[in-house]
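# Observations on the three-dimensional arrangement
Each chain is listed here by its residues.
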Amino acid sequence: MFKSEKTNDFRDAETVIGPSVKVEGDFSGQGNLIVDGVIKGNVSTNGNLKVGDKAKITASVSAANALISGEVRGNIIIQEDLELTATAKVFGDVQTKSICIARGAILSGKCTMDQKNLKAENGKKGKGGVEESLGENKSADEAEDNFD
Amino acid sequence: MHIYIFDQYLNQKKYERIVAKIETRLTDLGLNGKNCHVGPLKSLRSIVVEELRNTPKTIVAVGNNGTLNQVINSIGESDAVVGIIPVGGNNSIAESFGIKDEDQACNVLSARLMEKIDLGKINNQYFLSNARISNKETILEIKGKYTVEPTGPGQVEVINLNTKNNNTSNPNDGQLEIFITVTKKGMITNEIDRSFIQTDRAIINNLLHENFIIDDLIEIKTPVEIGVSKNKLKVIVGKERRF
């Protein structure tokens, strides 16, 4: 999704929060957002969100798609695809349609996936379509214990 | 009718030939109008205000970025079309309009290709290109929703029309682009961190009371309220314009 983009490429991103910038308050936008700095407040965009490995977001996040490599302390709601890279640290509940978690990523919270879509896909594929719903994951406390 | 406003610095002897050449060329193209020369007793603003009473079609700034800035701040709510004939240095705005020199400018005026563009507004002062301030102790409040604070030395630049080659801003979109650059000292070379925000309004304050610089010319005291006037200005542009 974002792999071909560079942080300094502003052409596709409506907003780029660099590593030397501190943002406080509720950020909401329509286009793509790249965060490499610190945000204390809710982040919401109708476009894609990329959170860099040094970024830190303290509040809830919502976007169409997201690639997270940094730290998010808050709930995440993603309309389509969520990707957590090996350096990602998420402390909060996640709600998304599809998810990809790399080895080394920390996800500490409840993960809920779009049940309607999963059922529809199950119907098409037969019994073995989607084996497990991440909606019935471990609780956040359990997950944190495992990583601590 | 065209009103040509020649900036004060063009009264210097070294510009005599260029001014004469422009006047001849305009006559050749049938674009001759009223030539007004700014002088110590006649300011650019007073000339524009006086000439606007006769409802001229086109006001042409002959000079540089500063001349153009003064013209756009003098025409007020008038719907006069603005053109530029660049003479001398500091003419990056004319270049982004696709006008490289005075000869090309006369041809562009003759072709009369018009574009409506946005104007940035800082307090009550319009700007075409950019406004900048040092980011030391500078805080930006964007749309009253969130604040942005740079954490190191550098610059905050608010851009309506990008006059550099890397064209990242569109002067027709009703938005201003805010670039925040922070310079970090490295072992061999300095690193520059960049942030970029699009907005149509912001309040920028500098706790050290440094001034905002508009179009590399005018200084304005902080705090400032920044906005954008969409499609405010009709300008004559060349085919090679950058937007």
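What you see is a predicted model, and the numbers here were worked out from it, not measured in a lab. What you see as residue numbers is a count from 1 along each chain, following the sequence as written. Going through the entries in the order they are written, you letter the chains from A and number the ligands from 1. At least 70 in pLDDT is required for a residue's local features to be given in this predicted model, at least 80 for side-chain atom pairs to be given and counted, and no such filter applies to totals for whole chains, interfaces and linings, which use all residues.

## Considerations on the nonpolar core
Residue and element names in this part refer to chain B.
- By convention in this section, buried Ala, Val, Leu, Ile, Met, Phe, Trp, Tyr and Cys residues joined through C-beta atoms within 7 Å make up a nonpolar core. Our exposure labels follow a C-beta count within 10 Å of each residue's own C-beta, placed from the backbone: buried means 20 or more other C-beta atoms, exposed means 12 or fewer, and partly exposed covers the counts in between. Ile-5, Val-60, Val-62, Val-71, Ile-84 and Ile-178 are the most contacted members of the largest nonpolar core, which totals 96 residues.
- Taken domain by domain, the makeup of this core includes at least three residues from each of domain 1 (2-112) and domain 2 (122-229).
- Residues are defined as contacting one another if the C-beta atoms placed from their backbone atoms lie within 7 Å. Not counting residues up to four positions away in its chain, the partners in contact with Val-60 are His-2, Ile-3, Tyr-4, Ile-5, Gly-83, Ile-84, Ile-85 and Leu-109. Marked domain ranges trace back to an automatic or database domain assignment.

## Details of the packing of helix H1 (residues 16-28) of chain B against helix H5 (residues 102-111) of chain B
All names here are of chain B.
- Closest axis-to-axis distance for the H1/H5 pair is 10 Å, and the angle between their directions is 25 degrees. Relative to H5, the element H1 lies roughly parallel. Considering only the axes of H1 and H5, their crossing is right-handed. Residues Ile-18, Ile-22, Arg-25 and Leu-26 of H1 form the contact with H5, whose own contacting residues are Glu-102, Asp-103 and Cys-106. Angles here are taken between N-to-C directions and fall from 0 to 180 degrees, while the axes themselves are lines fitted to C-alpha atoms, restricted in helices to the stretch in contact. Numbered from the N terminus, helices here are DSSP runs of H or I no shorter than four residues, and strands are runs of E no shorter than two. Working definition: roughly parallel below 35 degrees, roughly antiparallel above 145 degrees, roughly perpendicular at 65 to 115 degrees, and oblique for all remaining angles. Each crossing is labelled by how the near helix is turned from the far one, with a counterclockwise turn of less than a right angle marking it left-handed and a clockwise turn marking it right-handed.

## So, the interface of chain A and chain B
- Counting residues at the interface gives 19 residues for chain A, matched by 18 residues for chain B.
- Mapped by element, the contributors of at least two residues to the side of chain A that touches chain B are strand S1 (13-17), strand S2 (21-25) and strand S3 (27-29) of chain A.
- For the side of chain A that touches chain B, the element with the most residues is S2(A), which contributes five residues.
- We call Asp, Glu, Lys and Arg charged. Ala, Val, Leu, Ile, Met, Phe, Trp, Tyr, Cys and Pro are nonpolar, and the rest, Gly among them, are polar. A class-by-class count of the residues in the side of chain A that touches chain B yields seven nonpolar, seven polar and five charged.
- A strand pair is defined by DSSP finding two or more bridges across the two strands. Of the strand pairs in this sheet, S2(A) and strand S9 (residues 146-150) of chain B are connected by five bridges, and their pairing is antiparallel. For Val23(A), the partnering residue across the bridge sits in S9(B) and is Val148(B).

## Quick word on H1(B)
All names here are of chain B.
- An ideal rise of 1.5 Å per residue puts 18 Å on 13 residues; H1 measures up with 18 Å between its terminal C-alpha atoms.
- Listing the buried residues of H1 in full gives Val-19, Ile-22 and Leu-26. One face of H1 carries all of its buried residues, which in axial projection span an arc of 60 degrees. Facing away from the buried side of H1, by more than 90 degrees, are the exposed residues Glu-16, Arg-17, Ala-20, Thr-24, Thr-27 and Asp-28.
- Those residues of H1 that are buried are in contact with strand S1 (2-6), strand S3 (58-63), strand S4 (81-86) and H5.
- At the C-terminal side of H1, Gly-30 shows a positive phi close to 75 degrees. One fewer than the residue count of a helix, multiplied by 1.5 Å, yields its expected span. Within this analysis, the arc is defined by the directions that extend from the helix axis to the C-beta atoms.

## Concerning the pairing of strand S7 (residues 48-51) of chain A
Residues and elements named next belong to chain A.
- Residues Asn-48 and Lys-50 of S7 are buried on one face, and the alternating residues Leu-49 and Val-51, pointing to the opposite face, are buried as well.
- Here three bridges tie strand S4 (residues 32-35) to S7, and the two strands are oriented parallel to one another. In the strand pairing of S7, Ile-34 is matched with Lys-50.
- Note: S7 against strand S10 (residues 65-68), four bridges, orientation parallel. Paired with Lys-50 across the bridge in S10 is Leu-67.

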